[in-house]
Amino acid sequence: AILIFAMVGGAAGAASAKVKKPSANVTFGTEVEIVGANFKPKEHVTATLSGASHTWTKKAVASAKGAFTIDLGHIGLNECNAFTLKVVGSLKSRVSVSHATEPC
């Protein structure tokens, strides 16, 4: 089964109601992927996924539309584990969220 966790960072301001905030999610399937959207076009991003005993860090470049996908492959983390995802862009886009342990 594939489980997706959506994360959105930043506070909403009245002036930015039409501007989409950067977002990222972790998809747990056969392989683990981090998918981002609404980053600045061509922005260099560093994604860090931290579990209880290990941290995975990979870099990517957002597309002209601000999207990216990072494949972490088969890792020792699943949707039942606690984790923190942080994505930081070179042009100051950022997302950070924590996920608590869930019974599976």
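Residues numbered from 1 in each chain as written. Predicted model: local features only at pLDDT ≥ 70, side-chain atom pairs only at ≥ 80, totals over all residues. Heavy atoms only, no water.

(A) Structural context of the sheet that holds strand 5 (residues 55-61). Strands sit in the order 5-4-7-8 across an open sheet of 4 strands; the sheet is antiparallel. Edge positions in the open sheet fall to strand 5 and strand 8 (94-99), since each of these has one partner strand only. Averaged over all pairs of adjacent strands, the angle between their axes in this sheet comes to 10 degrees, without regard to strand direction. In terms of strand pairing, strand 4 (residues 44-50) meets strand 7 (residues 83-89) through 6 bridges, oriented antiparallel. Paired with S50 across the bridge in strand 7 is T84. (Pairing = 2+ DSSP bridges. Helix = DSSP H or I, 4+ residues; strand = E, 2+ residues; numbered from the N terminus. Axes fitted to C-alpha atoms, helices over the stretch in contact; angles between N-to-C directions.)

(B) Spotlight on unusual backbone geometry. Phi at N38 is positive, roughly 65 degrees, even though this residue is not glycine. The residue N38 is located in the loop between strand 3 (32-37) and strand 4 in this model. You will see that K42, though not glycine, has its phi angle at about 65 degrees, which is positive. Position of K42 among the secondary structure elements: in the loop between strand 3 and strand 4. We classify K42 as exposed; its relative accessible area is 54%. (Buried < 20%, exposed > 50% of the residue type's maximum accessible area, 1.4 Å probe, protein only.)

(C) Geometry of the state of the cysteines. With the rule as written, the count across this model stands at 1 disulfide. Two residues share a disulfide in this structure: C80 and C104, whose sulfurs sit 1.5 Å from each other. Across the S-S bond of C80 and C104 the torsion is about -115 degrees, and the bridge reads as left-handed. In this pair, C80 sits in the loop between strand 6 (68-73) and strand 7 while C104 sits in the segment after strand 8, placing the two residues 24 residues apart along the sequence. (Disulfide = S-S within 2.5 Å.)

(D) Spatial organisation of the packing of aromatic side chains. Counted by the stated rule, this structure contains 2 aromatic pairs. The interplanar angle of 70 degrees and the centroid separation of 5.3 Å between the aromatic rings of F39 and F68 together place this pair among those described as edge-to-face. A residue pair is termed long-range when its members are at least 10 positions apart, and F39 in the loop between strand 3 and strand 4 and F68 in strand 6 qualify at 29 residues. F68 carries the same exposure label as F39, and that label is buried. (Phe/Tyr/Trp six-rings, centres within 6.5 Å; stacked < 30°, edge-to-face > 60°.)

(E) Just the pairing of strand 4, in detail. Side-chain alternation along strand 4 places V45, A47 and L49 on a buried face and H44, T46, T48 and S50 on a face that remains uncovered. Where strand 4 folds back on strand 5, the antiparallel hairpin that results is connected by 4 residues.

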